[in-house]
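The lines below spell out each chain.
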Amino acid sequence: MSEAEVKDYEKELLEKIRREEEEFREIRRKYADWNFIEKQPPRIKAALKYYIETGDIRRACKIAKISISVFRKLLREANIPVIV
Amino acid sequence: MSLKLAISDTCFIIDWAYYRRRSILTEIFKTILVPEQVLAEIEDEKSISWVSAQLAKGNMLLFTPSPLDLRKAEELVLKISSKPFLRKVDLPEAICLVVGQRLNAIVLTENRGALLATRTLNELKNVVVWRALEVLTEAIIRKTIKVKKREDVERVFREYENDTKHIFPRSDLKYAIDKVIKCLKLK
């Protein structure tokens, strides 16, 4: 592959990743139980909203100050799907 | 014959443990390595009781990364964090990627950061990463999960989604279903 082809490939790959991120974000927003989320204590509510926007479970756990496996259970209760 | 070796990160285990057919994982892989750093993160009862049972049976193996693995994993965390287009990874996922590469083990993950790193970083291009989607695909093709027709295949993936509240990306799911249909010559 020439340098230009490599650059094109990388550009295409990054665009694909960006489109996937947007698609996954929309799915998380759509399925989320917003009533459940709004009733949570501030840290948990913020962490759930952060997760919906980013899909980043580790940073969300830090916000919530709970472990990853407990946060995963919370995502199920809030009906927020994991999509990877 | 089962595949030889896999190494699992936390995100994979804490989803897979909720799946009704979770036992198939140990039929597909002879040994599943669980790094100490991953085990330390598993706290919910369903996941930890399943993992503990598998450790007791010898299907899973508690793995202590070497100092060199840890150093390489730390370097990988820093490298990925320096790339703004990549999702960050933390030490447990990075350990899985580094050890998976060193031992030629399939890395089981549902961590998007780890997945994107193997797609975009040249030094990780030879690391094989499987999500539950790929594990289920393999299980059906190997006939560990029996199917007779397309609807059965679709049901297998749907059951996983229902049990775990995990959604497979639709395009990846379609690719997986088509692959199974073609391999097994189903209608």
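Here the structure is a predicted model, which means the values were calculated and not measured.

## Remarks on the overall build of chain B
- When helices and strands are counted, chain B shows 10 helices and 5 strands.
- For 187 residues, the compact-globule formula gives about 16 Å, and the C-alpha radius of gyration of chain B, at 16 Å, lands near that figure.
- With respect to the principal axes defined by its C-alpha atoms, chain B has extents near 50 × 40 × 30 Å.
- Within chain B, buried positions represent 42% of all 187 residues.
- Within chain B, residue pairs in contact and separated by at least 24 positions form 68% of the contacts whose partners lie at least 6 positions apart.

## A few points about the environment of Pro-41 of chain A
All names here are of chain A.
- In this fold, Pro-41 is placed in the loop between helix H2 (34-38) and helix H3 (42-54).
- Residue class for Pro-41 comes out exposed when judged on the 9 C-beta atoms lying within 10 Å of it.
- Distance from Pro-41 to Ala-64, taken between C-alpha atoms, is 9.5 Å for residues 23 residues apart in sequence.

## What to know about the domain arrangement of chain B
Residue and element names in this part refer to chain B.
- Each assigned domain of chain B is listed with its residue range as follows: domain 1 (3-130) and domain 2 (136-184).
- On a C-alpha basis, the centroid separation for the pair domain 1 and domain 2 is 22 Å.
- Contacts between domain 1 and domain 2 engage 8 residues on the former and 10 residues on the latter.
- When its residues are assigned to classes, the side of domain 1 that touches domain 2 shows 4 nonpolar, no polar and 4 charged.

## Regarding the confidence of the model for chain B
Residue and element names in this part refer to chain B.
- With 99% of its residues at a pLDDT of 70 or more, chain B has an overall mean of 95.
- Here strand E1 (residues 3-8) stands out as the element of chain B with the lowest mean pLDDT, 91, in contrast to strand E4 (residues 106-108), whose mean of 98 is the highest.
- In the model output, the complex is listed with pTM 0.93 alongside ipTM 0.89.

## As for the packing of helix H9 (residues 150-164) of chain B against helix H10 (residues 170-184) of chain B
All names here are of chain B.
- Running from N to C, H9 and H10 cross one another at 140°; their axes reach a closest spacing of 10 Å. Taken together, the axes of H9 and H10 are oblique relative to one another. Viewed along their axes, H9 and H10 form a crossing whose handedness is right-handed. Of H10, the residues touching H9 (which contributes Arg-150, Val-153, Glu-154 and Phe-157) are Leu-173, Ile-177, Val-180 and Ile-181.

## Section: the interface of chain A and chain B
- Each partner contributes to the interface: chain A provides 20 residues, whereas chain B provides 23 residues.
- Those elements that provide at least two residues to the side of chain A that touches chain B are helix H1 (3-31), helix H4 (57-64) and helix H5 (68-77) of chain A.
- Among the elements that take part in the side of chain A that touches chain B, H5 of chain A stands out by supplying 6 residues, more than any other.
- Considered class by class, the residues forming the side of chain A that touches chain B number 11 nonpolar, 3 polar and 6 charged.

## What about unusual backbone geometry?
- With phi around 55°, Asn-79 of chain A is a residue other than glycine that occupies positive phi space.
- Of note, Asn-79 of chain A is situated in the segment after H5.
- Even without being glycine, Asn-104 of chain B reaches a positive phi, approximately 60°.
- Relative to the helices and strands, Asn-104 of chain B resides in the loop between helix H6 (91-103) and E4.

## Observations regarding the sheet that holds E4 of chain B
Residues and elements named next belong to chain B.
- As summarised here, the arrangement of the 5 strands in space is E3-E2-E1-E4-E5, forming an open sheet in which the pairing is parallel. What marks the edges here is a single partner per strand, and that holds for strand E3 (60-63) and strand E5 (129-130).
- Relative to E4, E1 runs parallel, the two sharing 3 bridges. Its bridge partner lying in E4, Ala-6 is registered against Ile-106.

## Side note on helix H8 (residues 132-141) of chain B
Residue and element names in this part refer to chain B.
- For H8, the full list of buried residues reads Ala-132, Val-135, Leu-136, Thr-137, Ala-139 and Ile-140.
- Its buried side turned inward, H8 meets helix H1 (10-16), helix H2 (25-28), E4, E5, H9 and H10.
- Lys-143 sits one or two residues past H8 and shows a positive phi near 65°.

Procedures and definitions
- Residues numbered from 1 in each chain as written.
- Chains lettered and ligands numbered in written order.
- Predicted model: local features only at pLDDT ≥ 70, side-chain atom pairs only at ≥ 80, totals over all residues.
- Helix = DSSP H or I, 4+ residues; strand = E, 2+ residues; numbered from the N terminus.
- Rg over C-alpha atoms; globule rule 2.2 N^0.38 Å.
- Buried ≥ 20, exposed ≤ 12 C-beta atoms within 10 Å, placed from the backbone.
- Contact = placed C-beta atoms within 7 Å.
- Domains from an automatic or database assignment.
- Nonpolar A, V, L, I, M, F, W, Y, C, P; charged D, E, K, R; others polar.
- pLDDT = per-residue confidence, 0-100.
- Axes fitted to C-alpha atoms, helices over the stretch in contact; angles between N-to-C directions.
- Parallel < 35°, antiparallel > 145°, perpendicular 65-115°, else oblique.
- Left-handed = near helix turned anticlockwise from the far one by under 90°.
- Pairing = 2+ DSSP bridges.

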